[in-house]
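This is what each chain is made of:
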Amino acid sequence: MTIVRGSRIAALGAVLTLMATPAPAAAAEAAVPDAARPFRCPTARLDGLTPAQAEAAGAALKDVCAILASDAFQARLRAGTWLTGCPVAPWSRANRIGGGEGLARLSEGVPDFTHQAEKAGWSSTIAMTDVANRTMRIRPGWFDHAASPDRAVRALFLNTLAHEMTHLVSPPGRPGAYQFTDSRYWLPWCGRDRMFSYGVGDLVAAAWLEASGRAD
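Undergrad: Is there a simple way to explain the packing of aromatic side chains in this structure?
TA: We describe a pair of aromatic rings using the distance from one ring centre to the other and the angle between the two ring planes. Summed over the entire model, instances satisfying the criterion amount to five aromatic pairs. On the basis of an interplanar angle of 75° and a centroid distance of 5.4 Å, the ring pair of Y185 and W186 is categorised as edge-to-face. Its relative accessible area of 6% is what places Y185 among the buried residues. Judged by centre distance (4.9 Å) and plane angle (55°), the ring pair of Y185 and Y198 falls under tilted. Highlighted residues: Y185 in the loop between α6 (151–166) and α7 (196–215) and Y198 in helix α7, separated in sequence by 13 residues. Through pairs of rings, three or more aromatic residues link up here, namely W82, F180 and F196.

Undergrad: What is the right way to look at the side chain of D182 in this model?
TA: Its place among the elements puts D182 in the loop between α6 and α7. R192 provides the closest opposite charge to the buried, salt-bridge-free D182, at an N-O distance of 8.6 Å. A distance of 2.9 Å separates a polar atom in the side chain of D182 from a polar atom in the side chain of H163. Of note is the side chain of D182, whose polar atom sits 2.9 Å from the side chain of H167.

Undergrad: Explain the nonpolar core to me, please; I cannot follow it from the model alone.
TA: Proteins that are soluble and globular tend to have nonpolar side chains buried together. Grouped together as the largest cluster of nonpolar side chains are 44 residues, with contacts concentrated most on L68, L161, M165 and V200. Aside from chain neighbours lying at most four places away, what touches L68 is F39, F73, Q74, L106, M165, V200 and V204. One finds L83, Y185, C190 and M195 within the second-largest nonpolar core, a separate group that totals six residues.

Undergrad: What's the story with the environment of V169 in this structure? I'm lost.
TA: Mapping V169 onto the fold places it in the loop between α6 and α7. Put simply, V169 and Q179 are 10 residues apart on the chain and 5.6 Å apart in space, counted from C-alpha to C-alpha. Ignoring sequence-local partners within four residues, the contact set of V169 consists of R105, L106, G109, V110, V131, A177, Y178, Q179 and F180.

Undergrad: I would appreciate a short explanation of the packing of helix α3 (residues 51–68) against α6 in the present structure.
TA: Helix-helix packing is described using two parameters, namely the angle between the two axes and the distance between the axes. Relative to each other, α3 and α6 sit at 65°, their axes nearing to 10 Å. It follows from the interaxial angle that α3 and α6 lie roughly perpendicular. Two packed elements cross with a definite hand, and for α3 against α6 that hand is right-handed. Taking contact as the criterion, the partners of A57, A59, A60, L61, D63, V64 and L68 in α3 are, on α6, R154, F157, L158, L161, A162 and M165.

Procedures and definitions
- Positions within a chain are numbered from 1, following the residues in the order the chain's sequence is written.
- This being a predicted model, a pLDDT of at least 70 is required before a residue's local features are given, and a value of 80 or more before pairs of side-chain atoms are given or counted; all residues contribute to the totals for chains, interfaces and linings.
- Excluded from the side-chain calculations are hydrogens and water; all other atoms, namely the structure's heavy atoms, are used.
- A pair of aromatic rings is counted whenever rings of Phe, Tyr or Trp (Trp by its six-membered ring) have centres within 6.5 Å, and the orientation is called stacked for planes under 30 degrees apart, edge-to-face for over 60 and tilted otherwise.
- The buried label goes to any residue with under 20% of its type's maximum accessible area, the exposed label to any with over 50%, and the partly exposed label to all in between, with areas taken from a 1.4 Å probe on protein chains only.
- What counts as a helix is a DSSP run of H or I of at least four residues, what counts as a strand is a run of E of at least two, and both are numbered from the N terminus.
- His is not counted, nor are the chain ends; Lys and Arg add positive charge and Asp and Glu add negative charge.
- Put simply, a salt bridge is a Lys or Arg side-chain nitrogen that is within 4 Å of an Asp or Glu carboxyl oxygen.
- Counting of polar contacts relies on pairs of N or O atoms within 3.5 Å, with two restrictions inside protein: one atom must be capable of donating a hydrogen and the other of accepting it, and residues adjacent in sequence are counted only when both atoms are side-chain atoms.
- Nine residue types can take part in a nonpolar core, namely buried Ala, Val, Leu, Ile, Met, Phe, Trp, Tyr and Cys, and a core is a set of them joined through side-chain atoms within 4.5 Å.
- When checking whether two residues touch, look at their non-hydrogen atoms; a contact exists if any pair is within 4.5 Å.
- Each axis is a line fitted through C-alpha atoms, and for a helix only the stretch in contact is used; angles between axes span 0 to 180 degrees, taken between their N-to-C directions.
- An angle below 35 degrees is read as roughly parallel, one above 145 as roughly antiparallel, one from 65 to 115 as roughly perpendicular, and any other as oblique.
- Two helices that cross are described as forming a left-handed crossing if the nearer one is turned anticlockwise from the farther one by less than a right angle, and a right-handed crossing if clockwise.

In structure tokens:
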């Protein structure tokens, strides 16, 4: 679930700053995989979108999939230890997953799904995903971000799409259950930057901004 809380563009800037900071040599070597893990790009059925929104959403999905399959993104994801959900107590070590394992679940587990352009829930909610029905509801106006000439605005849509795609993944042997959630992420022992779902979205958006800046 994606909720508007503060400046998302500022958050992306912080991620870019972290990406631009050289890592210690040992950490950098450990973060680089031998080879990129193939990523299965899902097919999205588009429901309730205008032709322009549908074209932009389709292009955005291709961009997200290309980044998820890239060496650079996968190295950054592998380098972290993430939370698959916020544990109910600060002393709990539950809900932790290594970046490599998280990447494996993500690479193999995103099914084909339906994009629905409709109100996602509360007034502050941008998007919600139903893993059991394989549907992703995104606020109609948010789809306009996908075609925005402003790179930072377009990156917000890519962030949302990649984030919500993590919510389509189910644990092995438990179809219809959520592998990655972000409930209670605002609790002090969790935090947005530690959640796998938000991490994927932020890294995808930052990688796209970095690449599109080089293309100018």
